[in-house]
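Next come the chains, spelled out residue by residue.
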Amino acid sequence: MALSEATSHNSRTSSGFVDVEQAQAALVEHYPRLVRLAYLVLPPSLDRHRRVLTAHSLVQRALPRGRGSAEVGPLPAQRHGDAPTGAGAGGTAGTGKAGKAAKAGDAGSARDSRDASGAPGSGEHSGEHSAGHRPGGPHGGAYGYLTAQVLRAALGGERRRLLGPWRLPAVPVRPGLLPLVLGLRLFPRSGGAYELALEKALSEVSGAARAACALRGWEDMTDAEVCRMLAAAGVEDPEAALAEGAAIRLPAGSNDRPLLGPSEFDPCSLQARPTDLLRRRQHLRAVLAAVAAVAVCCALLGLPGDSWGPDGAAAPPYARNPAAEKALDPGSLTRVPAGAWKRASRADLSVWPARGDLTRDRDLLRRALTVWARPGGEVRVSVTRGTSAGPPSGPPQLLYAGRVDGTRVVMLHDGLRVARYSEPEGADSGGATLDLARTDGADTAGSGALVVSRSDSNVRYLTAPWVSKAAEVDLLQADDDGRPLNREDDGVLTSLTGPGSDPEECHRWPGLLLSTPSPSPGSTRTTRHLYTDLGELTPVRITSGNPRKKPKDAIGEGARARLAHTACGLRSMLGGGVRTVNSWKFATQSLPGTAGSAYWTCTRGETWRGRGARIFTAFRRPGTEPDEQAPVTSRAVDTPACGPREPYALSGALWKSDTGDRYLLAAGSRKVTGISVTGQGKSRNMSGTWPGRKLMLSAKKGAKAKLTARLSNGETLGETR
């Protein structure tokens, strides 16, 4: 496309601003020229396909940012036939004026002929490739700005940036997202020996030198104009780049043809070939396999999780198999008939009937089952120590489903555990609780009652079907016969008042007394069991007696009297998963003078899990009030002492008589044949060994001693601690 003479005369632009629309018009008009300039400057090490796409991408990204205008500095002016040509216009480039003068005749005549005709010597692109007709007119400043931007971007792959005192390695120039070519490889038309030699000569110099050569040979700029353009493009040393470009050894015959005219360097005149078809087929198969794998994974992760119905506060389903679904199906719950316990060979939780007014509420039962299997984050879960918190292995047994104190309660039994689910009545969500406790090995006495509701300090029990009477007793009152408790038709008792939460106060400790008639026909004998609440789902049975023998329920006068002096010590067993508590008077000791006799007791709390038993010993001195608590002399955890495996006990205490004398008292259970003391009083040594199972030594205030005992079988027994 030939440009007008007016356009040529107005190409010089002083520093000012270039409007983005004006720059876009110049880019569209001179697009082939700018792309060829970028292609020449880009590193020849790039393969031709990538080099072509990168050249087009750099030109298309050369517009100013935004919708406004960009500031430009002074750029070179349009050249005419009287301007001297730069190096690269002849066959062998010279340097300075000497090189130009050597070729003045040939080059000058060539330029005059091109200027006069307005057409380039190559004849391939008449307007764009003419050395005499360069872009100018109203777009002269815009074209100069675009040229500088294209050069800056093309030379960016050779520019090393600074990070403080360090110089970072150059980052290769990469094409942008557009233009995008898939399935084809594009490259300019192949040339002959001349083009190959010229390509080799340009590949041996830097990008700035190739830019200088292109500006002199293609844009027909003077040395000063080339330096200004290179400086505008960000070249650090334009003069060195100009000298390196002038030293390029061009192939023979360069005087007879335009320097950069061959189609080998025209990225707008392209040839197309397919990519590697076999490799593309392999890649396509790999991509399809990866997409299929991702789709399968997404399908598995996105399976619907609410096909089992409304699960209330339960978490998402953990498994989908027939056994798990059957265990969570309300229709599969085990329901024992009402009178089955009368004909059963044993009486325990397995023969409890399903009671309550909500035993047919399938929605409530389903929520209870699913929360047991998958308690959600909003469910308050309480698990007794040593109890598994997992779901039932099969359909559990329904013990109770009804309304208690404004809540809906469901109690289930899976043979090893009892689960209590509760939710506020009338609420659609929130407030659900789940309590789990072990009941494996529970006999008739251990299955007498379960805690169905606990609020503040009040407790309500669900009693066994064989319980005929229930009463509330105060364990601190030995002569308390109990207050009868009303029992509803579904077996739920009226509430009992708890002992209170203040550990410093112990004015009352409630107990539950249950009566069971004899199962023998015609017998009027009644069996009574004593229980108390220690914070678990199952009440703790209280017994009394030597652990070597079978303990009995603590309902006798002597047992109740000893229990009245030690019941407050049960607070140390709260929340420990205690199953039974046995109180044992292991020694009675006479005190000096007329003080009378004192007795020693050992109280042991057995747990459902078999370990972690809690023990404390107490010394009951004479002359104390009936409701006064005996001082605790020692405590121990997880020890076999005072139990059926080791029915032995040893304890000691400092005692002050009414006359002010102080004594070290010690006592052991039967089978103890001697007591050894290791200690030091404030004024005397108390160490030694004394025969027998009782010991009394004079002591001073603050005396400390360690006790050991020798058993009849030769073993050594330590003090319970």
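Here is a short report on the structure shown in this document. (Residues numbered from 1 in each chain as written. Predicted model: local features only at pLDDT ≥ 70, side-chain atom pairs only at ≥ 80, totals over all residues. Heavy atoms only, no water.)

Per the secondary structure count, the chain includes 16 helices and 31 strands. Looking at the 721 residues of the chain, the share that counts as buried comes to 48%. Summing over all exposed atoms, the chain offers an accessible surface of approximately 34800 Å²; the carbon and sulfur share of this is 51%. (Helix = DSSP H or I, 4+ residues; strand = E, 2+ residues; numbered from the N terminus. Buried < 20%, exposed > 50% of the residue type's maximum accessible area, 1.4 Å probe, protein only. Areas by Shrake-Rupley, 256 points an atom, 1.4 Å probe, with all protein chains shown as cover.)

Note that R508 resides in the loop between β16 (496-497) and β17 (510-517). Residues R508 and A564, 56 residues apart in the sequence, show an inter-C-alpha distance of 9.9 Å. Once you skip the residues sitting within four places of it in the chain, R508 turns out to touch E472, D474, L476, T497, G498 and P499. (Contact = heavy atoms within 4.5 Å.)

Next up on the list: the side chain of T463. Mapped onto the elements of the fold, T463 is located in strand β13 (residues 458-463). Apart from the residues within four sequence positions on either side, T463 is in contact with W352, R355, G448, A449, R487, G491, L493 and L514.

Here the focus is the state of the cysteines. For the structure shown, the criterion picks out two disulfides. One disulfide in the model links C506 with C568; its S-S distance is 1.7 Å. On the S-S bond that ties C506 to C568, the torsion sits near -90°, and the link is left-handed. Here C506 is found in the loop between β16 and β17, whereas its partner C568 is found in the loop between α16 (557-564) and β21 (578-590), with 62 residues between them in sequence. C506 gets classed as partly exposed once you look at its relative accessible area, which sits at 24%. A sulfur-sulfur distance of 2.0 Å marks the disulfide that ties C602 to C642. For the disulfide bridge between C602 and C642, the dihedral angle about the S-S bond is near 115°, and by the sign convention the bridge is right-handed. (Disulfide = S-S within 2.5 Å.)

On to the packing of helix α9 (residues 207-217) against helix α11 (residues 238-246), then. How two helices sit against one another is set out by the angle between their axes and by the gap between those axes. Running from amino to carboxyl end, α9 crosses α11 at an angle of 70°, the nearest separation of the two axes being 8 Å. It follows that α9 is roughly perpendicular to α11 by the angle criterion. In contact with A208, A209, A212 and R216 of α9, α11 contributes A241, L242, E244, G245 and A246. Here the contact of α9 with α11 is composed, by residue class, of six nonpolar, one polar and two charged. (Axes fitted to C-alpha atoms, helices over the stretch in contact; angles between N-to-C directions. Parallel < 35°, antiparallel > 145°, perpendicular 65-115°, else oblique. Nonpolar A, V, L, I, M, F, W, Y, C, P; charged D, E, K, R; others polar.)

This part takes up helix α4 (residues 48-60). Along its 13 residues, α4 runs 18 Å from first to last C-alpha, staying within 8% of the 18 Å computed at 1.5 Å per residue. Here α4 lies mainly inside the structure; ten of its 13 residues are buried. Among all positions of α4, only H49, R51, V52, L53, T54, A55, H56, S57, L58 and V59 are buried. (Expected span 1.5 Å × (residues − 1).)

Bringing the sheet that holds strand β11 (residues 433-438) into the picture now. Whenever strands of a sheet pair, they do so through backbone hydrogen bonds, lying parallel or antiparallel. Spatial ordering of the open sheet is given by β7-β11-β10-β9-β8, a layout of five strands whose pairing is mixed. Looking at the sheet topology across the chains shown, the edges are occupied by β7 (380-383) and β8 (397-404). Each adjacent strand pair in this sheet contributes to an overall mean axis angle of 15°, direction not counted. Alignment of strand β10 (residues 417-424) against β11, held across six bridges, turns out to be antiparallel. Directly across from Y421, in β11, lies its bridge partner L434. Across the face of the sheet, helix α15 (residues 362-373) comes into contact with β8, β9 (407-413), β10 and β11 while running at roughly 120° to β10. (Pairing = 2+ DSSP bridges.)

Together, L177, L178, L180 and L182 make up a nonpolar patch on the protein surface, roughly 520 Å² of accessible area in all. Within the secondary structure layout, L180 lies in the loop between β4 (166-167) and β5 (184-188). Owing to a relative accessible area of 58%, L180 belongs among the exposed residues under this scheme. (Patch = residues over 30% accessible without salt bridge, like charges linked within 9 Å, V, L, I, M, F, W, Y side chains within 5 Å. Salt bridge = Lys/Arg side-chain N within 4 Å of Asp/Glu carboxyl O.)

This part covers the environment of V452. Relative to the helices and strands, V452 is located in strand β12 (residues 449-455). Using a relative accessible area of 0% as the deciding quantity, one classes V452 as buried. Note: C-alpha distance between V452 and V410 (42 residues apart in sequence) is 8.7 Å. The residues contacting V452, other than those within four sequence positions of it, are Y400, V404, V409, M411, R420, R460, Y461, L462 and V492.

The next subject is unusual backbone geometry. Most peptide bonds take the trans configuration, and most residues that are not glycine carry a negative phi. Phi angles above zero are rare outside glycine, and D405 is one such case at about 50°. With respect to the element layout, D405 can be found in the loop between β8 and β9.

Here we take up the packing of aromatic side chains. All chains considered together, the criterion is met by four aromatic pairs. For the ring pair W584 and F586, a centre distance of 5.9 Å and an interplane angle of 55° mean the geometry is tilted. For the pair W584 and F586, a shared accessibility class is recorded, and that class is buried. The ring of Y39 carries R51 above its face, with NZ or CZ at 4.2 Å from the centroid. The ring centre of Y599 lies 5.8 Å from the NZ or CZ of K585, which sits over that ring. (Phe/Tyr/Trp six-rings, centres within 6.5 Å; stacked < 30°, edge-to-face > 60°. Lys NZ or Arg CZ within 6 Å of the ring centre and 35° of its normal.)

A few words now on the pattern of salt bridges. Applying the stated rule across the entire model yields 18 salt bridges. Between R346 and D348 there is a salt bridge, with the nearest N and O atoms lying 2.5 Å from each other. A relative accessible area of 9% means that D348 is categorised as buried. Two residues, D414 and R417, come together in a salt bridge whose shortest N-O distance is 2.8 Å.

By secondary structure assignment, the location of S651 is in strand β25 (residues 650-656). In this structure S651 comes out as buried when scored by relative accessible area, which is 0%. There is a polar contact of 2.7 Å between the side chain of S651 and the side chain of T633. Sequence-distant contacts of S651, that is, excluding residues within four places in its chain, are made with F586, W600, T617, T633, S634, L665, A666, A667, L707 and E719. (Polar contact = N/O pair within 3.5 Å; in protein donor to acceptor, adjacent residues only side chain to side chain.)

What follows covers the nonpolar core. V59, L146, L151 and L230 are the most contacted members of the largest nonpolar core, which totals 51 residues. Of all elements in the fold, only α2 (20-29), α3 (31-41), α4, α7 (140-154), α8 (193-203), α9, α10 (223-232) and α11 reach the threshold of two or more residues within this core. If sequence neighbours within four positions are ignored, L151 has contacts with L37, V41, A211, L215, M229 and A233. Ranked by size, the runner-up nonpolar core spans 30 residues in total, among them M411, A445, V451 and L537. (Core = buried A, V, L, I, M, F, W, Y, C linked by side-chain atoms within 4.5 Å.)

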